[in-house]
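# Structure at a glance
Given next are the chains, with one letter for each unit.
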Amino acid sequence: AQKVTQAQTEISVVEKEDVTLDCVYETRDTTYYLFWYKQPPSGELVFLIRRNSFDEQNEISGRYSWNFQKSTSSFNFTITASQVVDSAVYFCALSGPNSGGYQKVTFGTGTKLQVIP
Amino acid sequence: EAQVTQNPRYLITVTGKKLTVTCSQNMNHEYMSWYRQDPGLGLRQIYYSMNVEVTDKGDVPEGYKVSRKEKRNFPLILESPSPNQTSLYFCASSIAGGIYEQYFGPGTRLTVT
């Protein structure tokens, strides 16, 4: 079985601070895929990033960056110079072959980020 | 515009009254899935479908049914809803399976009294 843990339930930061959202996963698969999604207060779910287990290179997209470390089974998400528009619930997710043959997707419980102006 | 649509967006019903939540995508995606979102539990997968007439259980399938008779549609059926099915439901689709990014519908807030 696969599992995703987002231990931070809620985080509050002041605008322009950097913030890191943690994601720790468990899987017995050697090949798997990790994702981050954003759910702003309006409620829709928006895809942010997808990473496969063979690509450990960190990724940066504007103020967003992702740190994937297989050794610690973590896929952390950092927002640099946070803005009020970053306020949202962020979900980490995992899909692997031994859970429904890549059809099942396991989500974490989410981290609610509040950016205070 | 590429999108996933769900109807209704809001529904209040009573215990035991059968209901269907529709989901449709216009992206010709192979994979579709249903999730429920509950406070403190995140998103949990109910059912998924890899193609027409191919469906399988997710982590919380009890009390739900699905069908995939057409590629674009994936309705969620609650034959005898109970209060513990009060939740926010999301339909999603992807090109081909859970390894690809999913596009989500706007959500259906269901209350069962």
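Anyway, here's the lowdown on the structure attached to this text. For clarity, every value in this text was computed on a predicted model and none was experimentally measured. (Residues numbered from 1 in each chain as written. Chains lettered and ligands numbered in written order. Predicted model: local features only at pLDDT ≥ 70, side-chain atom pairs only at ≥ 80, totals over all residues. Heavy atoms only, no water.)

### So, the pairing of strand S6 (residues 54-57) of chain B
Along a regular strand, successive side chains alternate from one face of the sheet to the other. Residues and elements named next belong to chain B. Rule in force here: Two strands make a pair as long as DSSP finds a minimum of two bridges between them. Numbering of helices and strands runs from the N terminus, with a helix taken as a DSSP run of H or I at least four residues long and a strand as a DSSP run of E at least two residues long.
With four bridges joining them, strand S5 (residues 42-51) and S6 adopt antiparallel strand pairing. Residue Asn 51 lies in a different strand from S6, and its bridge partner there is Val 54. The antiparallel pairing of S5 with S6 creates a hairpin that spans two residues between the two strands, and Glu 53 there sits at a positive phi of about 65 degrees.

### Concerning the interface of chain B and chain A
Spelled out, the test is: We call two residues in contact whenever any of their non-hydrogen atoms come within 4.5 Å of each other. Joining two parts hides part of their accessible area as seen by a 1.4 Å probe, and the buried area is that hidden amount summed over both. We define a salt bridge as a contact between a side-chain nitrogen of Lys or Arg and a carboxyl oxygen of Asp or Glu at a distance within 4 Å.
Counting residues at the interface gives 21 residues for chain B, matched by 19 residues for chain A. For the pairing of chain B and chain A, the buried interface totals around 1,700 Å² over both sides, and the portion due to carbon and sulfur atoms is 57%. Scanning the region where chain B abuts chain A turns up one salt bridge. Note that A:Lys104 and B:Asp59 form a salt bridge whose closest N and O atoms lie 3.5 Å from each other. When residues of the side of chain B that touches chain A are traced back to their parent elements, those giving at least two are strand S4 (31-38) and S5 of chain B. Element by element, the count of residues in the side of chain B that touches chain A is highest for S5(B), at five residues.

### Things to note about unusual backbone geometry
Our working definition: Per-residue accessibility, obtained with a 1.4 Å probe over protein chains only, is compared with the maximum for each type, and a residue is labelled buried under 20%, exposed over 50%, and partly exposed between these values.
Cis geometry is adopted by the peptide bond preceding B:Pro8, which originates at B:Asn7 and carries an omega value of -5 degrees. Looking at the secondary structure, you find B:Pro8 in the loop between strand S1 (4-7) and strand S2 (10-13). Unusually for a residue other than glycine, A:Lys16 sits at a positive phi of about 85 degrees. Along the polypeptide, A:Lys16 turns up in the loop between strand S2 (10-14) and strand S3 (19-21). The class for A:Lys16 is exposed, based on a relative accessible area of 68%. Although it is not a glycine, B:Glu53 sits at a positive phi angle of roughly 65 degrees. Note on placement: B:Glu53 falls in the loop between S5 and S6.

### A word on the sheet that holds strand S8 (residues 76-78) of chain B
Residue and element names in this part refer to chain B. Here we have four strands laid out as an open sheet, ordered S1-S3-S8-S7, and antiparallel in their pairing. The sheet is open, and its two borders are formed by S1 and strand S7 (65-66), each paired with just one other strand. Direction of pairing for strand S3 (residues 19-25) relative to S8: antiparallel, over a ladder of three bridges. Residue pairing for S8: Thr 20 is matched across the bridge by Ile 77.

### Considerations on the state of the cysteines
Here is the rule: Whenever a pair of cysteine sulfur atoms sits within 2.5 Å, that pair is classed as a disulfide.
Counting across every chain of the model gives two disulfides over all chains. In this model, A:Cys23 is linked to A:Cys92 through a disulfide, with the two sulfur atoms separated by 1.9 Å. Its S-S torsion of about -65 degrees marks the bond between A:Cys23 and A:Cys92 as left-handed, since a negative value means left-handed. Within this pair, whereas A:Cys23 is found in the loop between S3 and strand S4 (24-26), its partner A:Cys92 is found in strand S10 (residues 88-95), the two being separated by 69 residues in sequence. Across the pair, exposure class does not vary: A:Cys23 and A:Cys92 are buried alike. The disulfide partner of B:Cys23 is B:Cys91, and the S-S distance across this bridge is 1.8 Å. As the torsion about the S-S bond is roughly -70 degrees, the B:Cys23-B:Cys91 disulfide counts as left-handed.

### Section: the layout of surface pockets
Definition in use: Throughout, the protein atoms alone are placed on a 1 Å grid, and a set of points is a cavity if a 1.4 Å probe fits but cannot get out or a pocket if it is open with protein on both sides within 12 Å along at least five of seven lines; lining residues have an atom within 4 Å of a point. Grid points are joined across faces, edges and corners, and a volume is the space filled by probe spheres set on the points. Each residue receives one of three labels: charged for Asp, Glu, Lys and Arg, nonpolar for Ala, Val, Leu, Ile, Met, Phe, Trp, Tyr, Cys and Pro, and polar for the others, Gly being one of them.
Quantified by volume, the largest pocket comes out at close to 680 Å³. Taken together, 31 residues make up the lining of the largest pocket; nearest its centre are A:Gln39, A:Val89, B:Gln37, B:Leu88 and B:Arg109. In the lining of the largest pocket, the residues fall into eleven nonpolar, 15 polar and five charged. Reported here for the second largest pocket is a volume of approximately 220 Å³. Taken together, A:Glu44, A:Leu45, A:Val46, A:Phe47, B:Ala2, B:Gln3, B:Val4, B:Glu101, B:Gln102, B:Tyr103, B:Phe104 and B:Pro106 form the lining of the second largest pocket. Going through the elements one at a time, strand S6 (46-52) of chain A together with strand S10 (103-104) of chain B are the ones with two or more residues in the lining of the second largest pocket.

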